[in-house]
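Structural features, examined
Letter by letter, the chains look like this.
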Number of protein chains: 2
Amino acid sequence: MSTTARTAAHVSSRGQEMPASPIRKLMPLADEAKKRGVKVYHLNIGQPDLETPEPMRRRLTTLKDKVYAYSPSNGTPEYLDFLHAYYGKLGITLKPGEVLATTGGSEALLFAFMACADPGDEILTVEPLYTNYRSFAAMAGLSLLPIVTFGEDGFHLPARAEWEKALTPKTRLVLLCNPNNPTGTVYSKEEIVRAAEFCRDHGLFFVSDEVYREFLYDGRESVSALSLAGFEDEVVVVDSLSKRFSACGIRLGALVTRNADVAGACNRMAQGRLSPPGLAQYIAPGALELGPEYYGGVIREYQKRRDTLYDGLSKIPGVFLRKPEGAFYFIARLPVQDSDDFAAWLLSDFAFEGKTVMVAPASGFYVTPGLGLDEIRIAYVLKEDDLRDAVRVLAAALPAYRKAKGITS
Amino acid sequence: MSTTARTAAHVSSRGQEMPASPIRKLMPLADEAKKRGVKVYHLNIGQPDLETPEPMRRRLTTLKDKVYAYSPSNGTPEYLDFLHAYYGKLGITLKPGEVLATTGGSEALLFAFMACADPGDEILTVEPLYTNYRSFAAMAGLSLLPIVTFGEDGFHLPARAEWEKALTPKTRLVLLCNPNNPTGTVYSKEEIVRAAEFCRDHGLFFVSDEVYREFLYDGRESVSALSLAGFEDEVVVVDSLSKRFSACGIRLGALVTRNADVAGACNRMAQGRLSPPGLAQYIAPGALELGPEYYGGVIREYQKRRDTLYDGLSKIPGVFLRKPEGAFYFIARLPVQDSDDFAAWLLSDFAFEGKTVMVAPASGFYVTPGLGLDEIRIAYVLKEDDLRDAVRVLAAALPAYRKAKGITS
């Protein structure tokens, strides 16, 4: 056989195209800054600093199992009971088989994409968007077809005509994150119903990522797509315990749908990967001990943080943002031309009183090239005093950066 | 707009085609049998009954974290150190970035498939095969192209000419499980080198699933594809803690490759899903306390079980199997024409002294329709006395089934 003619094994196209995380890609620069003794405020990643509730942590000390065995593919009876109870309190009654335990919201997204669409199909959504949708779409062989939303509209949903215009014969599902990461927008019931009707009229699935469901400010209410009557065939909800219980690392979530075909397909995918994480499922029911005061306390804390950041950033000349409505992120426009460069500069070339700030450049939250270049995404998962200090750092950084780069516009 | 013309949202083709687990599909019949008071010996699923080692379980009681936060996407430093130390003891030195923490071997398989091949591409492998390869191939949009192996050959690998014949322009990788689930075959070094050379000669990846690496009987040795010199670009190894440490439920594994492009693609997929399970990564380093006597004890136990089953089953008239060499499974040929029917009958219509046996029909371990109809897969994960009793039950069941079905051949 000839060894000269052979081509070496090469990584797949989807492997090559798989995007790097815009949230984490600047991490080496942050590590360098820390080595130089600079304190870095992390506004780049949605890792809450709040404690995982004690009743969940306490469960670990009660585990008597000597064999850490596979759980059922769809979840342990205890975790499924917990999910039924949790949804019941939201007024959403689920039948057995309508909820599937997943390895975080991440796996629920991947299962939903794969069950709703085939390689080559399209996902209709809005941008800016949760950056990891790009990864799961690439893994599933799907294209993201986003309609642009604008800060001036508080990133609320485009009119129905825009959706009709964007639709193609390859569109299989509409994907929305509500409350929204990265914009902090909470869609109204009317917006959700409009999206659901659009889906029903065109035979599309409505994949609703509701992992920030409780994170609502100024007394707002959020509408779960599961609560809408008449859309049982269309709605697939992605859920996670990560943010609700500040338990990102345990990797536990859920996929909820009343469409029996989708539930069946996702259940068979779940059988393929055997089971969701067992220790996580074991501790989850500890959250049943948490009453409304738990959620109230968390919301109050995040609302205060939002206010601190919003008030502080709004006062910096050239910075634009609408008041975020939910979740714990927002997109802010800055007086810069290349926020990737600005974010890197903050870590490499700047310090104010020995401190700097790490932010996520917004370009990674857009699919359309060239968008988001003057925007950053901020996660407010730090204590109020730190946020106040981070605002001071940013307020000092912006004019210094503009001067260094000769920006006068 | 017209609502009569619309087509309802419908599940994807891959969702429809996603196979149900042949290991678990008879579970409702087993539950019914148990309700009737029949004791069911589970020989159908590879859930070891051995204890998860105490040093791992003990780690849970030492966890002081109050925030169960995301770990790095590629794994915690402690878990990665553990993996480097484990491979080091095998004589395999890994550089940083060559090993990635995954959510079980399952996720490592999915990442490997996706990084090595694009939708529409093919995986060349042998059958019978680990049934969940079918699920991950379907999720990744890939076809499985298996070459049949035979019990008479101890399910060892076909000659190179057969591989050459099966190759198509769409083939991107060769997939082998060594030691093998479901056959219990351990490939020789010569077989592994032959497979690796075939891959290198044709520009294919060599995905080697080595999750049963230590499960070797009669003093056999197993060759990791990672130990071969000159195949650094081709080899991608899938690994898992599930069987090695009887910790199937924690969902922790690894993907190991020296191909930087594949490692990069898998790392970006890992960023997309944020992190592997944190509690699992926390307890894993407890296994560093385990010495060679741990592995020795486990192997002795499984070898005894294998001997009990092999000796017992070989004596049943009409049953054929070669002595399994590794892992804790084997494929046995039975004097039946439809092992799906036989396996269901065992649960629904049969009991011997109030006991029956659950086995996995082998048809689900073949891709080619019509194969495996007179075979079953058996997992020996029960205590010796139970296995001895299960053999008695099977020995009574086979003539009773043949009589009930009028089989005389």
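Residues numbered from 1 in each chain as written. Chains lettered and ligands numbered in written order. Predicted model: local features only at pLDDT ≥ 70, side-chain atom pairs only at ≥ 80, totals over all residues. Heavy atoms only, no water.

So, about the domain arrangement of chain A. All names here are of chain A. As assigned here, chain A comprises domain 1 (16–51 + 292–405) and domain 2 (54–289). Relative to domain 2, the C-alpha centre of domain 1 lies at a distance of 26 Å. Between domain 1 and domain 2, the contact holds 36 residues from the first and 38 residues from the second. Carbon and sulfur atoms supply 56% of the area that domain 1 and domain 2 bury against each other, a total of about 3,300 Å² over both sides. (Domains from an automatic or database assignment. Contact = heavy atoms within 4.5 Å. Buried area = accessible area lost by both parts, 1.4 Å probe.)

What follows covers the packing of aromatic side chains. A ring pair, where both rings are aromatic, is described by two values, the distance of the centres and the angle of the planes. With the rule as written, the count across this model stands at 40 aromatic pairs over all chains. Aromatic side chains Phe82 of chain A and Phe245 of chain A sit 6.3 Å apart centroid to centroid with 55 degrees between the ring planes, which places their arrangement in the tilted category. With Phe82 of chain A in helix H4 (residues 77–89) and Phe245 of chain A in the loop between strand S7 (235–240) and strand S8 (253–257), the pair connects residues that are 163 residues apart, well separated along the chain. A relative accessible area of 3% places Phe82 of chain A in the buried class. Taking 5.3 Å as the distance between ring centres and 90 degrees as the angle between the ring planes, the aromatic pair formed by Phe215 of chain A and Phe328 of chain A counts as edge-to-face. Placement of the pair is Phe215 of chain A in the loop between strand S6 (205–209) and S7 and Phe328 of chain A in the loop between helix H11 (292–314) and strand S9 (329–333), with a sequence separation of 113 residues. Neither residue differs from the other here; Phe215 of chain A and Phe328 of chain A are each classed as buried. Sitting above the plane of the Tyr302 of chain A ring, Arg305 of chain A keeps its charged end 5.2 Å from the centroid. The ring of Tyr282 of chain B carries Arg59 of chain B above its face, with NZ or CZ at 4.3 Å from the centroid. (Phe/Tyr/Trp six-rings, centres within 6.5 Å; stacked < 30°, edge-to-face > 60°. Helix = DSSP H or I, 4+ residues; strand = E, 2+ residues; numbered from the N terminus. Buried < 20%, exposed > 50% of the residue type's maximum accessible area, 1.4 Å probe, protein only. Lys NZ or Arg CZ within 6 Å of the ring centre and 35° of its normal.)

Before going further, it helps to examine the nonpolar core. If you look at soluble globular proteins, the nonpolar side chains tend to sit buried side by side. By size, the foremost hydrophobic cluster in this structure holds 287 residues, and its most contacted members are Phe206, Phe245, Leu313 and Phe342 of chain A together with Phe206, Leu313 and Phe342 of chain B. Leave out the neighbours within four places in its chain, and Phe245 of chain A touches Thr52, Pro53, Met56, Phe82, Ala287, Leu290, Tyr294 and Tyr295 of chain A. (Core = buried A, V, L, I, M, F, W, Y, C linked by side-chain atoms within 4.5 Å.)

With that out of the way, let us pick up the relation of the copies chain B and chain A. Mapping chain B onto chain A calls for a rotation angle of 180 degrees and an axial translation of 0.0 Å; the resulting RMSD is 0.0 Å. Expressed as a symmetry operation, the mapping of one chain copy onto the other fits a two-fold axis. Looking at the rotation axis and the C-alpha trace of chain B, the residue lying nearest is Thr61 of chain B, at 3.0 Å. The fraction of interface residues of chain B whose copies in chain A are also interface residues reaches 100%, indicating that both copies meet through the same surface. (Least-squares fit on C-alpha atoms with pLDDT ≥ 70 in both.)

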